[in-house]
Structures are given as C-alpha cells and as structure tokens.
Amino acid sequence: MRKDEPINDCTCGRIAVGMTVTETRNWSPDCAEHGTESAWWNSEEQQAERAARREHLTDLQRRAREARRAAAGANR
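Residues numbered from 1 in each chain as written. Predicted model: local features only at pLDDT ≥ 70, side-chain atom pairs only at ≥ 80, totals over all residues. Heavy atoms only, no water.

**Q** Give a description of the overall build of the protein that names residues and reports values.
**A** Scanning the protein from terminus to terminus reveals 2 helices and 2 strands. For the protein, the N- to C-terminal ordering of α and β elements is β-β-α-α. The buried share among the 76 residues of the protein stands at 16%. Here the analysis covers contacts within the protein between residues at least 6 apart in sequence; of these, 19% occur between residues at least 24 apart. Of the accessible surface of the protein, which amounts to about 6,200 Å², a share of 51% is contributed by carbon and sulfur atoms. (Helix = DSSP H or I, 4+ residues; strand = E, 2+ residues; numbered from the N terminus. Buried < 20%, exposed > 50% of the residue type's maximum accessible area, 1.4 Å probe, protein only. Contact = heavy atoms within 4.5 Å. Areas by Shrake-Rupley, 256 points an atom, 1.4 Å probe, with all protein chains shown as cover.)

**Q** Mind laying out the layout of surface pockets, listing which residues take part and the relevant values?
**A** By volume, the largest pocket is sized at about 170 Å³. For the largest pocket, the lining is made up of 13 residues, of which W27, H34, W40, W41 and Q46 are closest to its centre. Breaking the lining of the largest pocket down by element, the ones donating at least two residues are α1 (39–42) and α2 (44–74). Per-element accounting of the lining of the largest pocket gives the leading share, 4 residues, to α2. Tallied by class, the residues present in the lining of the largest pocket amount to 4 nonpolar, 5 polar and 4 charged. (1 Å grid on protein atoms, 1.4 Å probe; cavity = no way out; pocket = protein on both sides within 12 Å on 5 of 7 lines; lining within 4 Å. Points joined across faces, edges and corners; volume = space filled by probe spheres on them. Nonpolar A, V, L, I, M, F, W, Y, C, P; charged D, E, K, R; others polar.)

**Q** Give me the lowdown on the packing of aromatic side chains, citing residues and values where you can.
**A** One pass over the full model with this rule turns up 2 aromatic pairs. Where W27 meets W40, the ring centres are 5.3 Å apart and the plane angle is 35°; that geometry is what we call tilted. Linking W27 in the loop between β2 (20–26) and α1 with W40 in helix α1, this pair joins segments that are 13 residues apart in sequence. On the basis of relative accessible area, W40 is assigned to the buried category, the value being 5%. Residues W40 and W41 carry aromatic rings whose centres are separated by 6.4 Å and whose planes lie at 55° to one another, so their mutual orientation is tilted. One aromatic cluster is present, formed by W27, W40 and W41 through successive ring pairs. (Phe/Tyr/Trp six-rings, centres within 6.5 Å; stacked < 30°, edge-to-face > 60°.)

**Q** Lay out the environment of G35 in plain terms, naming residues and giving numbers.
**A** Within the secondary structure, G35 is located in the loop between β2 and α1. Apart from the residues lying within four places of it in its own chain, the contact partners of G35 are S28, P29, D30 and W41.

Below, the structure is given as structure tokens:
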C-alpha cells in the first residue's frame, strides 16, 4: 500500500495549516494502516526508501564531520 492511496483504518492525525485541515498526515506509529507494524511500513518499497534515506543522511554527517576537521586544521 502506498501512502497516497485511500485511507480506511487510518488513525494518523491530519495536519492543519491555520484553520484549514489538510490531507497531509502526521504518521502515527500505532496506526493500523501506517504504523510500524503495518504492511505498508514493512513493505519492501518502504524499507528500501528508509534505507536510502539513512544512507544519504549518514553520508551528509560524514561530509560535515570532514568539513569541520578541515576547518579546524586550517585555523591552527
């Protein structure tokens, strides 16, 4: 199941902007449709997406660490 498909048993809260409630959801870990025990969360597609995000963030952290070390070395 994709997160943009119709939601049936979803208990995730909808996000409001001002006085307007949007269709954007605040994903709840306890939701039957989207929670950490749901078929959607555990699908291969979602697992791959999360792994790619983790890898990207890890790379960004590594690059930031290297930049800080280079800046600290240049200031000595």
